[in-house]
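Residue-level listing of the chains:
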Amino acid sequence: MDAMLKASTTGIVAEETLDPVDWTEVQVLSHRIVDEAVGYLRDVRERPVWQDMPAEVKAFFAAPLPRSPQPLAQVCGEVTEKVMAYPMGNIHPRFWSWYMGSSNFTGALGDFLAAIQGSNLGGGNHAAALMDSQVVDWCKQMMGFPQSASGTLVSGGSMANIIGLTVARNTKAGIDVREHGVAAIDKPLRFYGSDQLHSCHRKAMEALGLGNQALRRIPTDAGLRIDISALRAAIAEDRKAGFRPACVIGTAGTVNTGAIDDLQALAELAAQEDLWFHVDGCIGALIAIAPENSHRVAGIEHAHSVALDPHKWLHAPFEVGCALIRDAASHRNTFAVTPEYLESTPRGLASGHWLHDYGLQTSRGFRALKVWMALKEHGIEKFGRLIDQNIAQGHYLSTLIEAEPLLELVAPANINIVCFRYRGDETSGERQKALNTEIMLRLQEEGIAALSDTTVHGQHCLRVAINNHRTRREDLDLLVRETVRIGQEISRAGVALPSPLVGEGGREAAG
Ligand SMILES: *Cc1c(COP(=O)(O)O)cnc(C)c1O
């Protein structure tokens, strides 16, 4: 020991660190990276939405574990060339696939600074932990939840739903599930949601040990909203058959068509039937802040739990989701465990409460900063207006489609999701599907626009989800023009259409 101390004071032991040898060099390089990043975002509209990678780029990612060092400038060069050039495309103004946000520069700065500070949001007495709780408080305010409610920031909507459904299970099980497990529940629990539920709920039911069959899918009406009387009948039937109805999941904005269940009616039904009322608001919960459309999610404030997704309509860089639980005690009672090495102290770093007591993670990233900075910069009203803008754009696109004889709407346009198809002369459903799939692929491959497809009430269609603060109406005009052009080209050439890769049987919505 003495020898070691002596050695270190005399400088014989040269400890290593990950810090740069030359900070000035890193500073110069970093400035260049920031300049490139600004240009990258500023000029995004000029680039193709998406392009496939050449074989050489794909092969690059099969390189084995690096053993020897390489200059940072070279590493960054590889990122520019091999990664930044081949994005998914969701920051592009004409990206409308699936359902995701389009990020923002301030949020990216937030992610950078969060990583620079490097704090662990498992909890503790430091500023980032207070900010994490503050962002949860802001989410409560956006949803009209009471200040006494609880919540946590998680990786995204899927995890936020799992948090809500876990609290629902534990609260409604009638036994101490944490101690005895689901096998000890006397009557099998039943959860309910519409046949338009997102696939994450199935995964949640499986992970919770309740099983997929414990989640009853209730039929939807013509507007693809849960059929309330069918739900009531299913609950009565289940009670009679010896099940324990525990939870109803309302969806505020389905992935397929953006349908919003009647949340007010679900809240009333849940109260009458003594069920937990969870809202999957990954798409639409934030409509609550949009002045022209907030009426669509009336009733959300009565939920016992809500999952919302700031990386969708707040455009935070991935990842950040938020689970809110009205009854803070039931939230804490579901997850809190205090091991001896994480006991709180009256003062110091370990005072205050541990944020890991509200979910499944122990170490947690500093997700709050990117949300906090963008909310402060723009103010909540702007985010509300952007949501209204996307919904208006959805309606605008619907009118363009209605005015174009070669296109037709396949589902009623609710919010910002538009389902439509190219008509063509194809007689069979399979060939219609192949034609529309081919149009979608060419739109992607020509770098024009990214859309996805789905099947609504048995009908295959193209699907545009405008969750994008960069989209302009002229982009939607272009989409309609190009869809028609490509559709006509394919029809005229009488191209042999490839058969679709997979049938729709059993495929669930994925966002
Ligand atoms: C996106 C989405 C999810 C899943 O959220 P992630 O953030 O992708 O994990 C769940 N439900 C709905 C309705 C969604 O749109």
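Whatever comes next refers back to the structure up there.
Rules of the game
- Residues numbered from 1 in each chain as written.
- Predicted model: local features only at pLDDT ≥ 70, side-chain atom pairs only at ≥ 80, totals over all residues.
- Heavy atoms only, no water.
- Helix = DSSP H or I, 4+ residues; strand = E, 2+ residues; numbered from the N terminus.
- Expected span 1.5 Å × (residues − 1).
- Buried < 20%, exposed > 50% of the residue type's maximum accessible area, 1.4 Å probe, protein only.
- Arc of directions from axis to C-beta.
- Contact = heavy atoms within 4.5 Å.
- Polar contact = N/O pair within 3.5 Å; in protein donor to acceptor, adjacent residues only side chain to side chain.
- Pairing = 2+ DSSP bridges.
- Axes fitted to C-alpha atoms, helices over the stretch in contact; angles between N-to-C directions.
- Near = heavy atom within 4 Å.
- Parallel < 35°, antiparallel > 145°, perpendicular 65-115°, else oblique.
- Left-handed = near helix turned anticlockwise from the far one by under 90°.
- Nonpolar A, V, L, I, M, F, W, Y, C, P; charged D, E, K, R; others polar.

Engineer: Account for helix α5 (residues 105–117), with residues named and values stated.
Structural biologist: With 13 residues, α5 should reach 18 Å at 1.5 Å per residue; the first-to-last C-alpha distance of 18 Å fits that figure. The set of residues buried in α5 consists of Thr 106, Gly 107, Gly 110 and Ala 114. Viewed end-on, α5 has its buried residues packed into an arc of 100°, placing them on one side of the element. Residues of α5 that are exposed and point more than 90 degrees away from the buried face comprise Phe 112, Ala 115 and Ile 116. Its buried side turned inward, α5 meets α14 (368–378). You can read the cap of α5 off the contacts: a side-chain oxygen lies 3.2 Å from the backbone nitrogen of Thr 106, and it is on Asn 104. Once α5 finishes, Gly 118 follows within two positions and takes phi at roughly 70°, a positive value.

Engineer: Can you break down the sheet that holds strand β2 (residues 189–194) residue by residue, with the values?
Structural biologist: Spatially, seven strands are ordered β1-β7-β6-β5-β4-β2-β3 in an open sheet, and the strand pairing comes out mixed. Since the sheet does not close on itself, it has two edges, and those belong to β1 (150–154) and β3 (215–218), each with one partner. Direction aside, the axes of adjacent strands within the sheet are offset by 20° on average. Here strand β4 (residues 244–251) runs beside strand β5 (residues 276–281); their pairing, made up of five bridges, is parallel.

Engineer: Explain α14 to me, and be specific about the residues and the numbers.
Structural biologist: Every buried residue of α14 is listed here: Ala 368, Leu 369, Lys 370, Val 371, Met 373, Ala 374 and Leu 375. Those residues of α14 hidden inside the fold are in contact with α5, α6 (127–143), β1, α12 (310–313) and α15 (380–402). Directly beyond the C-terminal end of α14, a positive phi value near 80° is found at Gly 379.

Engineer: Any chance you could break down the site of the ligand for me, citing the residues and the numbers?
Structural biologist: Lining the immediate environment of the ligand, one finds 14 residues, of which Gly 157, Ser 158, Asp 309, His 311 and Lys 312 sit closest. A distance of 2.8 Å separates a nitrogen atom of the ligand from a polar side-chain atom of Asp 280. In the model, an oxygen atom of the ligand is placed 2.7 Å from a nitrogen or oxygen of the His 311 side chain. Only α7 (157–172) and α12 provide two or more residues apiece to the shell around the ligand. Ranked by residues supplied to the shell around the ligand, first place goes to α7 with three residues.

Engineer: Which residues make up the packing of α6 against α14, and what values do they have?
Structural biologist: In a pair of packed helices, the angle between the axes and the distance between the axes together describe the arrangement. The geometry of α6 relative to α14 is characterised by a closest axis approach of 9 Å and an angle of 55° between their N-to-C directions. In terms of their interaxial angle, α6 and α14 are classed as oblique. Between α6 and α14 lies a crossing whose hand is left-handed. Along its contact with α6, which presents Met 131, Asp 132, Gln 134, Val 135, Trp 138 and Met 142, the element α14 presents Ala 368, Leu 369, Val 371, Trp 372, Leu 375 and Lys 376. Here the residues of the contact of α6 with α14 sort into nine nonpolar, one polar and two charged.

Engineer: Give me the sheet that holds strand β9 (residues 417–422): which residues, what numbers.
Structural biologist: Sheet strands line up and pair through hydrogen bonds in the backbone, either parallel or antiparallel. Across the sheet, four strands lie side by side as β8-β9-β11-β10; this open sheet has antiparallel pairing. On the outer flanks of this sheet lie β8 (407–409) and β10 (452–456), each paired with one strand and no other. Across the sheet, the mean angle from the axis of one strand to that of its neighbour is 45°, orientation sign disregarded. In terms of strand pairing, β8 meets β9 through three bridges, oriented antiparallel. Bridge assignment links Leu 407 to a residue of β9, and that residue is Tyr 422.

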